[in-house]
Amino acid sequence: MTVPGPSPAEIAPPGAPGGGLAFPRILRRSATTFGTLLVTLFGLLLATFLIARVVPIDPVLAIVGDRATQAQYEAARVALGLGRPLWEQFIAYAGDVLTGDFGRSTLTSRPVLQDVAGAFPATLELATLATLLGVLVGIPAGVVGATHQGRWPDQLIRVVGLLGYSVPVFWLGLVALLVFYGQLGWTAGPGRLDTAFELSYEFDVTPYTGSILLDSALSGAWDVFGNALSHLVLPACVLGYFSLAYIARMTRSFMLEQLGQEYVTAARVKGVSEARVVWVHALGNAAVPLITVVALSYATLLEGSVLTETIFAWPGIGLYVTNALFAGDFNAVLGGTFVVGVAFILLNFLSDLLYRIVDPRAR
Amino acid sequence: MSTFARRTGTASRLALGTALAALALLGAAPAVLAETPADTLVIANGIDDLISLDPAQAFEFSGLDQINNIYETLVEIDPATLQPVPGLAESWTVSEDGQTFTFKIRQGRVFASGNPVTAKDAAFSIQRAVRLNQSPAFILTQFGLTPENVEQTVTAPDDQTLVLKLDRPYAPTFVTNALTAEVGSVVDMQTVMEHVEGEDFGNAWLSVNSAGSGPYMLRAWKPNESVILEANPNFDRPVPLKRVFVRHVVEPATQRLLLENGDVDIARNIAPTDIDAIEAGPNTHMQTELRGQIYYLSGNQKNEILAKPQVMEAIKYLIDYEGMANTIVKGTNQVHQSFLPQGFLGAITDKPYAQNVEKAKQLLAEAGYPQGFAIEILIRNEQERIDIAQALQGALAQGGIQASIRQTTGAEALSIFRARNHQLTLQTWGPDYPDPNTNASVFAANADNTDEGQLTGNLAWRNAYPATETTPMVAEAVVEKDEAKRRALYEEMQRISQKSSPFAIMFQRSEPAGIRDGVEGFKAGGAVSSAFYWTVTKGGAAAQ
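Parameters and conventions
- Residues take numbers from 1 onward in each chain, read along the sequence in its written order.
- Lettering for chains starts from A, numbering for ligands starts from 1, and both go in the order in which the items are written.
- Two thresholds apply to this predicted model, a pLDDT of at least 70 for residue-level local features and 80 or more for giving and counting side-chain atom pairs, whereas whole-chain, interface and lining totals are computed over all residues.
- The basis for every side-chain value is the complete set of heavy atoms in the structure, and neither hydrogens nor water enter the calculation.
- Comment: elements are numbered from the N terminus, with helices defined as DSSP H or I runs of at least four residues and strands as E runs of at least two.
- Think of it in three bands: with a 1.4 Å probe and only protein chains considered, a residue is buried below 20% of the maximum accessible area for its type, exposed above 50%, and partly exposed in between.
- In these tables, accessible area is a Shrake-Rupley quantity obtained with a 1.4 Å probe, and a residue counts as shielded only by the protein chains included in the view.
- The positive count covers Lys and Arg only, the negative count covers Asp and Glu only, and His and the chain ends enter neither.
- The location of each charge is read from NZ of Lys, CZ of Arg, CG of Asp or CD of Glu.
- For a compact globule the rule gives 2.2 Å times the number of residues to the power 0.38, and the radius of gyration it is set against comes from C-alpha atoms.
- For two strands to count as paired, DSSP must find a minimum of two bridges between them.
- Lines fitted to the C-alpha atoms define the axes, with helices restricted to the stretch that makes contact. Angles between their N-to-C directions range from 0 to 180 degrees.
- Between 30 and 60 degrees the pair is tilted, below 30 it is stacked and above 60 it is edge-to-face, where a pair is any two Phe, Tyr or Trp rings, Trp via its six-membered ring, whose centres lie within 6.5 Å.
- The span one expects for a helix is its residue count, reduced by one, times 1.5 Å.
- Axes are fitted to the seven residues ending at a residue and to the seven starting at it; the angle between these axes is taken as the bend at that residue.
- A score between 0 and 100, pLDDT records how confident the predictor is in each residue.
- Throughout, a residue-residue contact means that at least one pair of heavy atoms, one from each residue, lies within 4.5 Å.
- Buried residues of nine kinds, namely Ala, Val, Leu, Ile, Met, Phe, Trp, Tyr and Cys, make up a nonpolar core once their side-chain atoms join them within 4.5 Å.
- N or O atoms within 3.5 Å of each other form a polar contact, as long as, within protein, one can give a hydrogen and the other can take it, and as long as residues adjacent in sequence are counted only when both atoms are side-chain atoms.
- A carboxyl oxygen of Asp or Glu within 4 Å of a side-chain nitrogen of Lys or Arg is what we treat as a salt bridge.
- Here's the idea: put two parts together, see how much 1.4 Å probe accessible area each one loses, and the total over both is what we call buried area.
- Summarising the geometry, the arc corresponds to the directions from the helix axis toward the C-beta atoms.
- Angles are sorted into four bins: roughly parallel if under 35 degrees, roughly antiparallel if over 145, roughly perpendicular if 65 to 115, and oblique for all others.
- Note: crossing handedness is left-handed where the near helix turns anticlockwise from the far helix by less than a right angle, and right-handed where it turns clockwise.
- Three residue categories are used. Nonpolar comprises Ala, Val, Leu, Ile, Met, Phe, Trp, Tyr, Cys and Pro, charged comprises Asp, Glu, Lys and Arg, and polar comprises the others, including Gly.
- Any residue with relative accessible area above 30% and no salt bridge may belong to a patch, with like charges joined within 9 Å and the nonpolar Val, Leu, Ile, Met, Phe, Trp and Tyr side chains within 5 Å.

J.: Residues and numbers for the overall build of chain A, please.
T.: The helix and strand tally for chain A stands at 15 helices and 0 strands. Overall size of chain A, expressed as C-alpha extent along the three principal axes, is 85 × 55 × 40 Å. When burial is assessed residue by residue, chain A has 52% of its 363 residues classed as buried. Summing over all exposed atoms, chain A offers an accessible surface of approximately 16,100 Å²; the carbon and sulfur share of this is 69%. Within chain A, one finds 20 positive and 24 negative side-chain charges whose respective centroids are separated by 13 Å.

J.: Account for the overall build of chain B, naming residues and giving values.
T.: Scanning chain B for helices and strands turns up 19 helices and 19 strands. Taking 544 residues into account, the globule formula puts the C-alpha radius of gyration at 24 Å, and chain B, at 27 Å, falls close to it. With respect to the three principal axes, the spread of C-alpha positions in chain B is 100 × 70 × 45 Å. Counting only residues that meet the buried cut, chain B has 59% of its 544 residues in that class. Split by element, the accessible area of chain B, about 20,000 Å² in all, is 51% carbon and sulfur. Between the averaged position of the 43 positive side-chain charges in chain B and that of its 63 negative side-chain charges there is a distance of 5 Å.

J.: I'd like a rundown of the sheet that holds strand S7 (residues 161-165) of chain B, residues and numbers included.
T.: Residue and element names in this part refer to chain B. The sheet built from 4 strands is open, its strands ordered S4-S5-S7-S6 with antiparallel pairing. Looking at strand neighbours, the two that pair on one side only are strand S4 (89-94) and strand S6 (154-158), the edges of this open sheet. Strand-to-strand twist across the sheet, computed as the mean angle between neighbouring axes with direction ignored, equals 25 degrees. As paired elements, S6 and S7 share 3 bridges and run antiparallel to each other.

J.: Let's hear about the packing of aromatic side chains: which residues, and what values?
T.: All names here are of chain B. Considering all chains together, one arrives at 22 aromatic pairs over all chains under this definition. Where Tyr369 meets Phe373, the ring centres are 5.4 Å apart and the plane angle is 70 degrees; that geometry is what we call edge-to-face. Take Tyr369 and Phe373: they sit in the same class, and that class is buried. Here Tyr465 and Phe503 contribute two aromatic rings whose centre-to-centre distance is 6.2 Å and whose plane-to-plane angle is 85 degrees, an arrangement assigned as edge-to-face. Taken together, the residues span a long stretch of sequence, with Tyr465 in the loop between helix H17 (459-462) and helix H18 (471-479) and Phe503 in strand S17 (residues 503-516) at a distance of 38 residues.

J.: Pulling in residues and values, what's your account of helix H10 (residues 222-259) of chain A?
T.: All names here are of chain A. Given a rise of 1.5 Å per residue, 38 residues ought to cover 56 Å, yet the end C-alpha atoms of H10 are separated by just 46 Å, more than 12% below that figure. At Val233, H10 is deflected by roughly 30 degrees, the largest bend along its length, and proline Pro235 occurs up to four residues later in sequence. Burial analysis of H10 places 27 of its 38 residues in the buried class, the great majority of the element.

J.: Provide a residue-level description of the confidence of the model for chain A, including the pertinent values.
T.: Close inspection of predicted coordinates is inappropriate in any region flagged by low pLDDT. Overall, the predicted model of chain A reaches an average pLDDT of 82, with 92% of residues at or above 70. The low-confidence segment residues 1-20 of chain A, where pLDDT is below 50, has 16 contacts with residues more than four positions distant or belonging to other chains.

J.: Residues and numbers for the pairing of strand S1 (residues 40-45) of chain B, please.
T.: Residue and element names in this part refer to chain B. With 6 of 6 residues buried, S1 lies mostly within the body of the structure. Side chains Thr40, Val42 and Ala44 of S1 all project onto a buried face; the interleaved residues Leu41, Ile43 and Asn45 project onto the opposite face, where all are buried too. Bridge analysis of S1 against strand S11 (residues 266-267) gives 2 bridges, and the strand direction is parallel. By the bridge assignment for S11, Ile43 is matched with Ile266.

J.: Could you give an account of unusual backbone geometry, naming the residues involved and the relevant values?
T.: The phi torsion of most residues other than glycine is negative, and most of the peptide bonds are trans. All names here are of chain B. We note that Phe201 has phi near 50 degrees; this positive angle belongs to a residue other than glycine. When you line up the elements, Phe201 lands in the loop between helix H7 (189-193) and helix H8 (203-208). Taking the relative accessible area as the measure of exposure, Phe201 reaches 18% and is therefore buried. Not every positive phi belongs to a glycine, and Ala467 is a case in point at roughly 50 degrees. Checked against the element boundaries, Ala467 lands in the loop between H17 and H18.

J.: Kindly report on the nonpolar core, identifying the contributing residues and their values.
T.: Leu74(B), Leu162(B) and Tyr533(B) are the most contacted members of the largest nonpolar core, which has 107 residues in total. Looking at which element gives the most residues to this core, the answer is helix H3 (residues 119-132) of chain B, with 8 residues.

J.: Can you break down the environment of Asn300(B) residue by residue, with the values?
T.: Residues and elements named next belong to chain B. Residue position: Asn300 is located in the loop between strand S12 (284-299) and helix H11 (309-318). Each residue touching Asn300, except ones within four places of it in the same chain, is listed here: Leu306, Arg420, Asn421, His422, Gln423, Arg462, Asn463 and Ala464. Within the local environment of Asn300, its side chain forms a polar contact with the backbone nitrogen of Lys302, the two atoms lying 2.9 Å apart.

J.: Residues and numbers for the pattern of salt bridges, please.
T.: Pairing is possible between side chains that carry opposite charge, provided their charged atoms lie close to one another. Residues and elements named next belong to chain B. Under the defined criterion, the tally for this structure stands at 32 salt bridges over all chains. Note that Arg237 and Glu72 form a salt bridge whose closest N and O atoms lie 3.0 Å from each other. With Arg237 in the loop between strand S9 (226-231) and strand S10 (243-248) and Glu72 in the loop between helix H2 (61-70) and strand S2 (75-77), this pair connects stretches of sequence that are 165 residues apart. Between Arg385 and Glu382 there is a salt bridge, and its shortest N-O distance comes to 3.1 Å.

J.: Any details on the confidence of the model for chain B? Residues and values, ideally.
T.: Residue and element names in this part refer to chain B. Per-residue pLDDT for chain B averages 90, and the proportion of residues at 70 or more is 93%. Across residues 1-33, where pLDDT falls below 50, the model places 40 contacts with residues more than four positions away in sequence or in other chains. Interface scoring of the predicted complex returns ipTM 0.75; its pTM is 0.82.

J.: Describe the interface of chain A and chain B, with residues and values.
T.: On the side of chain B, 65 residues touch chain A, which itself brings 68 residues to the contact. Summing both sides of the interface, chain A and chain B together bury roughly 5,800 Å²; the carbon and sulfur share of this comes to 62%. It is Arg67(A), Tyr181(A) and Thr195(A) in chain A that bury the most area against chain B; as a group they hold 12% of the surface buried on that side. Linking chain A to chain B there are 1 salt bridge. Taking the shortest distance from any N to any O, the salt bridge between Glu198(A) and Lys222(B) comes out at 3.8 Å. Taken together, chain A and chain B are joined by 4 residue pairs in polar contact (both at pLDDT 80 or more).

J.: Could you give me a rundown of the environment of Gln160(B), with the residues and numbers involved?
T.: Residues and elements named next belong to chain B. Mapped onto the fold, Gln160 is located in the loop between S6 and S7. A sequence separation of 213 residues divides Gln160 from Phe373, and the C-alpha atoms of the two residues are 64 Å apart. With residues up to four places along the chain from it excluded, the contact list for Gln160 reads Phe103, Lys104, Ile105, Arg106, Gln107 and Ala119.

J.: Outline helix H3 (residues 70-79) of chain A, listing residues and values.
T.: Residues and elements named next belong to chain A. For H3, the complete set of buried residues consists of Gln72, Tyr73 and Ala76. Each buried residue of H3 lies within a common arc of 100 degrees when the element is viewed along its axis, so the set occupies one face. In H3, those exposed residues whose orientation departs by more than 90 degrees from the buried face are Ala71 and Val78. After H3 finishes, the residue Gly81 shows a positive phi value of roughly 75 degrees.

J.: Any details on the packing of H18(B) against helix H19 (residues 483-500) of chain B? Residues and values, ideally.
T.: Residue and element names in this part refer to chain B. Running from N to C, H18 and H19 cross one another at 160 degrees; their axes reach a closest spacing of 9 Å. Looking at the two axes, H18 sits roughly antiparallel to H19. Crossing angle aside, the handedness with which H18 passes H19 is left-handed. In contact with Met473, Val474, Glu476, Ala477 and Val478 of H18, H19 contributes Arg486, Leu489, Tyr490, Glu492, Met493 and Ile496. Within the contact of H18 with H19, the residues separate by chemical class into 8 nonpolar, no polar and 3 charged.

J.: Tell me about the side chain of Asn333(B), and please be specific about residues and values.
T.: Residue and element names in this part refer to chain B. Take Asn333: it is sitting in strand S13 (residues 333-335). Exposure remark for Asn333: the relative accessible area of 4% places this residue in the buried category. There is a polar contact of 3.3 Å between the side chain of Asn333 and the side chain of Thr332. Beyond its immediate stretch of four places on either side in the chain, Asn333 contacts Tyr295, Glu384, Phe507, Gln508, Arg509 and Ser510.

J.: Tell me about a nonpolar patch on the surface, residues and numbers included.
T.: Residues and elements named next belong to chain A. Nonpolar side chains collect at one region of the surface, where Phe170, Trp171, Val175, Leu178, Val179, Phe180, Leu184, Trp186 and Leu307 lie side by side and expose about 840 Å² of accessible area between them. Ranked by the residues each element gives to the nonpolar patch, the list is headed by helix H7 (residues 169-183), at 6 residues. Mapped onto the secondary structure, Val179 falls in helix H7.

What follows is the structure in structure tokens.
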């Protein structure tokens, strides 16, 4: 006979509000959070703007180049509006941003928003698959580590996790390419598509979203989809490895904490199956802090991994912003940073929301 | 086994199953297609420097490579000989006074759009480049063309005749050599005019589109990702490959893997350490071409130590040219010690300096620094430059010079250099157009050495080097009509510069490209031009 274990509501501390009032409260709190979000975004805009103005890289030189005469230099400086006071520059910039205009990138001559709309989906594909991998492998691994604490599965998972922390990503990326692409030929190589498919993507697929996977699926170009997936596998595994190492370690520690709780003992005494104790009750409670861990790990990947993107010739946001920074292309740096910041804040907001839904104490 | 262990054993099997399922999902991706399409040339290259494909604006290696295949100029560089030959202009004459050049435009040529190529297009192209006044405009404005006068000085009296009126007489070869530069590309006036926004002469549109008569048309440019070119059916010569696909790949190790796996036909950024392996590879080989870029170490003459002539000479004697050429820059640079790269009119191959520590110490003692001194070398943070700077640090230490390395981003290093705030700096310079004046005018001429002069584009000025002896020679050489005399002038000024300038010129770039067997006819452009794609054939691909 199976005795139902305690629901999360049952383990809530005395005095915690019941479920009936929770929904409007979530809405109220969400409204407050939304307000905070707007203030945070403004702060982000101001901070990136000021940092861009104080770094010792001359954005004018980035445009006019090595050979420019002083007259060309001055003309470009005036055209960029850099002669005006800082506060005036910021007001003008913030005004443009409000209307969705992040300016033109000096590196690509295109509107920054258009560039970011191209680079961000590439990173999004990579980060999403890597996080998926991290969650699907990392959480079970963490649980197994906790239930086998100190024994060989735990040791094995810890060693694998430790490697994930300590191996430099460019090395792992290169070795993975050499082995799985160069030697074994199991996966496709660097870049998002093979040339032949790149041409058919260029000619046959409508770029609805900028994500090759989504666009090719929506256009029914399944050969392009398959090729894109085969290109995504290796970089996603490399990035996912780091993500799973982190998630597994955190899961293990949360699980150890939960498995030591009285309700676990109580459930076992009641005769609840061990699998249910571990995977439903303990993991259910560990899931609350795990949401934050996964969201943070996902958000970090969304910033783009410059080294992975370099090795795998992956035209993502990390590479875009880094290139822009080195070249003094500040419109691009500001735009890229802002979009990543927005994604970061949104993810935090979402995980906050999810946290409240999963954990009744937080309502 | 206890119940607990058995149950968690089930749990761990479940976990393992989930993990394997996840991996299997990823591994289910289809097999790799390791061959490039037969009608497409696929090139791996770092193209993040590409900022515009408008010939009046582009001045970066990647941009010029594409433009060289999209547009034609009045005078062209022959890919086979790398010498200037008539292009869209079939012939030209120079007036008695040497100031008026009249070009006869070839008949029957058409743009990719189908519009005929006329002298009016050529005049419009030069006028818009001068009036846009972007980085490469000086190649045209150095002949006295200005945004104000260009309507009068560049005219097309009829569809076949283009007249250029210059501000003073110039050596005819100087003018025609300069016109081979990409900024002299002839654009399709009618197409460009349809896309003008305000006062931009179609610049925004032409930055990301093409309107030329060359072998290819621009199909797509995705910044930091790829450039796709398609053959222009109206081009008057056969173009064997229908498409060119340039993939942006930064990492040389990644380029090598792509090449070896057959995913690209040409890898243009090969690390010195990979050269031997690619040469020995079963399906790949190397092709090395001498390019125009020069590496130099220069000393700011505002620095009182470096201003002593013996000090810069001592530094030239301390550098281990051969040592570096045989190790850190093996296969990518060769020793070269004069400011004109090989391949240019008047280039010399003299190498008066080799490492000689005793001689250097003696010169330093003469200068009053028998124990050496401390100095800073400014570099941009690129691996090759870091390697060279470290080698220089070691070499200078042998003479007692304690060099520290200051690494900054490229843009910051350039700001410091242009403001004359460096001490020693390790830099490169690439010629702008295939005439010796391009380098002579920046290494050996300085019209005003004062801070107020602000000749920030001039290397002699940046190093506060007055170039007193060679400045008049540079001026004399640009008007010298006799080619032999012109050549002799350049040879002489290089020898003076080797001896007394603050430039320790070390290397000329030799560019290694990894190429798949069966891919033939690729030219990176030598010292005087940019890449030629349209001459490339692949095994089995027939000409159109």
